[in-house]
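Structural characterization, general
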2 protein chains.
Amino acid sequence: MSSEGAAALPRYQQLAEELAALMASGALRPGDRLPSVRQTQRARRCSAATVFQAYYLLESRGLIRAAPRSGYFVAPPPSQAPTRSTPRPEPGPVEVSELVFQLLGSSGPAIHAPFGSAFPSAALFPLEKLRRALVAGSRKMSAEQLTADLPAGHEELRRQIALRYLRLGLAITPDEIVLTHGALEALNLSLQLLTRPGDAVLVESPGFYAALQAIERLGLRAIEIPTDAREGADLQALAILLERQQPRACWLMSSWQNPLGSLMPADKKRALLALLARHGVPLIEDDVYAELHFGAQPAPPVKAFEARTTGAAVLHCGSFSKCLAPGYRVGWVAAGRLAPALQRLKLSNSLGGSWPAQAALAEYLQAGGFDLHLRGLRRALQRQRDAMLDGIARHFPAGTRMTRPEGGYFVWLELPPGGDSLALHGQALAEGISLAPGPMFSARREFGRCLRLNYGHRWTPALQAALARLGSLAAAQCKA
Amino acid sequence: MSSEGAAALPRYQQLAEELAALMASGALRPGDRLPSVRQTQRARRCSAATVFQAYYLLESRGLIRAAPRSGYFVAPPPSQAPTRSTPRPEPGPVEVSELVFQLLGSSGPAIHAPFGSAFPSAALFPLEKLRRALVAGSRKMSAEQLTADLPAGHEELRRQIALRYLRLGLAITPDEIVLTHGALEALNLSLQLLTRPGDAVLVESPGFYAALQAIERLGLRAIEIPTDAREGADLQALAILLERQQPRACWLMSSWQNPLGSLMPADKKRALLALLARHGVPLIEDDVYAELHFGAQPAPPVKAFEARTTGAAVLHCGSFSKCLAPGYRVGWVAAGRLAPALQRLKLSNSLGGSWPAQAALAEYLQAGGFDLHLRGLRRALQRQRDAMLDGIARHFPAGTRMTRPEGGYFVWLELPPGGDSLALHGQALAEGISLAPGPMFSARREFGRCLRLNYGHRWTPALQAALARLGSLAAAQCKA
């Protein structure tokens, strides 16, 4: 009977259609594993080639995805990216710091599902190798170095960072690199260097809350740039803002933006820099997720397009906290011609870096193995991203939009009407589940229906269950 | 003949007078070793008791001093303390940062006599024991701790710091302690917490240059308190300043002040706090030299007199950089009821502390041995102070005034008319000798005839020669 009508279709296509129908009906849901090729071959009494062809077809339609050495899985429905932001075009004071502190400090039962965390799980890091590097590095610390080299920071570490820039095609000397206590100090010092109280600063909307807090604390005003969840800051809007306002600096993340995970294409990065240069506005480029790209090649930072001879200044801020050594608190600014001035500011703020951590990192980088670690870390994050996106597609209310980042460890969700991420935060926290509500990422506490989830932790049935629970809490909001 | 007139004097007194005359004539000079008791006994054919009595008499007059297990040495002439400062009573902007950076960054041949250094020699520190503590501490770092405990800082380290306060009689809980990247971050955060741009802050004159730089950078104004080289800030003057100005905070060092080395007596500390409390002015107490007392007992900080129930807030800033672990960059603020607010500021400024350094210090303190190390360090510094004061008395121009600190590792000199410490800095630097010129320590670049010398390095013939050279350069200025 059904074999009659289906006879017109090749065998593999017939199989593909049947599976697609199961997905459409909800019998097969995102994240479900398809039967293996061998199982299907036996069950359907067809050739392995037929099954492969069917699976290729489904994969090409984006309905399933292959996971190396694990098989085929049902993919989430085509990603509905969150709506592009439409912040108010005039500069304004930032009033989010208190909320951020409240949220960061909110307590409940022990968090067992840290979706709100800012860090990936430290279990993904080569802690034992780092420890050995710490021991080896400490043997080389001379008594003189401990105080004499304090202001400029560990020389070999700055050289190792310069070497990594070189591999990206950037010629940066160790002297241009100012070591800081994590990227957060780098960002704070850069903002202090470029601005005076009352100045306006361009930021993305949504943007990293610590940058907003820094702007608030320094008495600056924020101008928010509409930002696309896939390609980052909107340059047309930026051009208008640059014409009409008088920003003193622009702060943004051009790769794996926090919280969107957006990646600005290389051409757009070049255009961004040209635009800023035309207005003489320096860029603070927060690039702390640079190493966490899922594609084979790293994304060049905006800094890569900086012409040494022109006026465009890029303060490129990096860190080892997200890719190698959480808790060591070692970051830096590649500050170009502004390095001496930034160095002075660093000296006034906290003198120099902590020698044990710097020596450990220098030793680890010299020994090699960083790239091997990074490859494993990227694969793990990518797998975890897939698992989380599957879970969201499965458990969150229909109409939920989400990003599908190609790097980093954050996904940004927009709940359907009725969703309220601050209320969801409270409910989830009471059950040991954390999340980062959207208003944390906005100067004016917008994005009430959005939230950021961290997929930086090893995916377990417990996390899966927590995500399902979060989805059902969100669904209840949207029904009410 | 002379025996006739001298016969009226007892033998020991006669001996003492002869030695005193040799000192007065310059035949015996400060730092010269006296013949041993046995040598003198033989040479003079008298009893050991006679020699001892003579030496006791000279010591009681301040003409010689005993060095345990080394013998007796000619003491410098009675210490002429530098003149008390008389800063202008009205608040004003600070304009010293550029000068400080120039001086800190000035280059010349390799410095072989680091009298301008801000640190004691790292050779005086238990670096190998610290290294072992680093290794042991790193074994205990759990993956979770590396990120989860970041904001509050290493718990065991805070507990160990609280235990040290307890030994001073101060009941401070680990929760009141905010760990910072050295005392410099502690100071910066404290100033940021208590002030807004334009506010006036009370500081000592002369005072630590980094505090003046922080005031300048934060857009504050400084009110300088006249400060005595022996007993610190003048409370009568302070009372008038508190009446007439509206300071938002007071920053000072009540023990082994930098650069004076002054120690405020305990009663005066209590009175200071009462005075500040009456005007509702909080105190930032920079107490980084607390452990470096030469007397048997530590000096209680002003914080010790803080009543928990009253409004007087003392932010007590400490550090391990000067007494145990230079280059590790671990300091703290005991901030009492202001701790939560300060913790937030710390979070915004640089997130948390560096784990390897914190873990190493926690391990070192737990293992014991810190007090043993401190006893040795204090003895070494005291010996080096004596050597330096002897050298100054011997080689610097007549009329040079100097402090005789009972703790820390700085001596403050006031050259006679004609002296110019900035010019001296340039001349000395060209010969590989550094010093810290007086104008670094003043909001308005005063103290042009003063300089700070560091005696924190092992005393060697080379240092002795460098000090002599410095003295002759100064003498040439004063003759000209």
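Computed from a predicted model, the values in this text were never measured in an experiment. Numbering of residues begins from 1 in every chain and follows the order in which that chain's sequence is written. A letter from A marks each chain and a number from 1 marks each ligand, given out in the order of writing. Totals for whole chains, interfaces and linings use all residues, but because this is a predicted model, local features are given only for residues with pLDDT of at least 70 and pairs of side-chain atoms are given and counted only at 80 or more. With hydrogens and water set aside, each side-chain value is computed from the structure's full complement of heavy atoms.

A least-squares fit on C-alpha atoms brings the copies together, and the residues used are those whose pLDDT is at least 70 in both copies. Mapping chain A onto chain B calls for a screw motion: a turn of 179 degrees about the axis and a shift of 0.1 Å along it, with 0.2 Å RMSD after fitting. Such values leave the two copies arranged in the relation of a two-fold axis. Same-surface contact between copies: 100% of interface residues of chain A are shared with the interface of chain B. Contact between two residues is taken to exist if any of their heavy atoms lie within 4.5 Å; hydrogens are not considered.

UniProt positions are given in the numbering used here, feature names are shortened, and annotations may be inferred rather than shown by experiment. Those places that UniProt annotates as "domain: HTH gntR-type" (unreviewed entry) correspond, in this numbering, to residues 9-77 of chain A. Helix makes up 52% of residues 9-77 of chain A and strand 12%, with an end-to-end C-alpha separation of 25 Å. Counting from the N terminus, the helices are the DSSP runs of H or I reaching at least four residues and the strands are the DSSP runs of E reaching at least two.

Note on aromatic contacts: the rings of Phe and Tyr and the six-membered ring of Trp form a pair at centre separations within 6.5 Å, being stacked when their planes are under 30 degrees apart, edge-to-face when over 60 apart, and tilted otherwise. A full pass over the atoms with the stated rule returns 27 aromatic pairs over all chains. Through a chain of ring-to-ring contacts, three or more aromatic side chains come together here, namely Phe208, Tyr209, Trp251, Trp412, Phe441 and Phe447 of chain B. The lysine or arginine in question, Arg452 of chain A, covers the ring of Phe410 of chain A, its NZ or CZ lying 3.8 Å from the ring centre. Definition used: whenever NZ (Lys) or CZ (Arg) falls within 6 Å of the ring centre and also within 35 degrees of the ring normal, the charge is taken to sit over that ring. We note Lys322 of chain B situated over the ring of Phe119 of chain B; from NZ or CZ to the ring centre the distance is 5.7 Å.

Moving on to a positive patch on the surface. Residue and element names in this part refer to chain A. On the surface, Arg69, Arg375, Arg379, Arg383 and Arg458 cluster together into a positively charged patch. By the element assignment, Arg379 lies in helix H15 (residues 370-395). Throughout this description, buried means an accessible area under 20% of the type-specific maximum (1.4 Å probe, protein chains only), exposed means over 50%, and partly exposed covers the range between. Its relative accessible area of 48% is what places Arg379 among the partly exposed residues. Only residues whose relative accessible area exceeds 30% and that form no salt bridge enter a patch; like-charged residues are grouped when within 9 Å of one another, and nonpolar side chains (Val, Leu, Ile, Met, Phe, Trp, Tyr) when within 5 Å. Only the protein chains shown count as cover for residues, with accessible areas throughout obtained via the Shrake-Rupley method and a probe of 1.4 Å. Only one rule defines a salt bridge in this text: a Lys or Arg side-chain nitrogen within 4 Å of an Asp or Glu carboxyl oxygen. Charge assignment: positive for Lys and Arg, negative for Asp and Glu; neither His nor the chain ends contribute. All charge positions are set by atom: Lys at NZ, Arg at CZ, Asp at CG, Glu at CD.

We now examine the sheet that holds strand S16 (residues 436-437) of chain B. Residues and elements named next belong to chain B. Any two strands with at least two DSSP bridges between them are considered paired. Strand order in this open sheet of four strands is S13-S14-S17-S16, and the pairing throughout is antiparallel. Two strands in the sheet have a free side with no partner beyond their single neighbour: strand S13 (401-402) and S16. With two bridges joining them, S16 and strand S17 (residues 450-454) adopt antiparallel strand pairing. Note that in S17 the partner of Ala436 across the bridge is Arg452.

Glancing now at the domain arrangement of chain A. Residues and elements named next belong to chain A. Looking at chain A, the domain boundaries give domain 1 (2-74), domain 2 (92-120 + 372-479) and domain 3 (126-368). Segmentation into domains, and thus their bounds, comes from an automatic or database assignment. Between the C-alpha centres of domain 2 and domain 3 there is a distance of 25 Å. Across the boundary between the two partners, domain 2 contributes 36 residues, which contact 31 residues of domain 3. For the pair domain 2 and domain 3, the summed buried area comes to about 2900 Å², and 63% of that belongs to carbon and sulfur atoms. Buried surface area refers to the total accessible area, computed with a probe of radius 1.4 Å, that the two partners give up upon joining, counted for both partners together.

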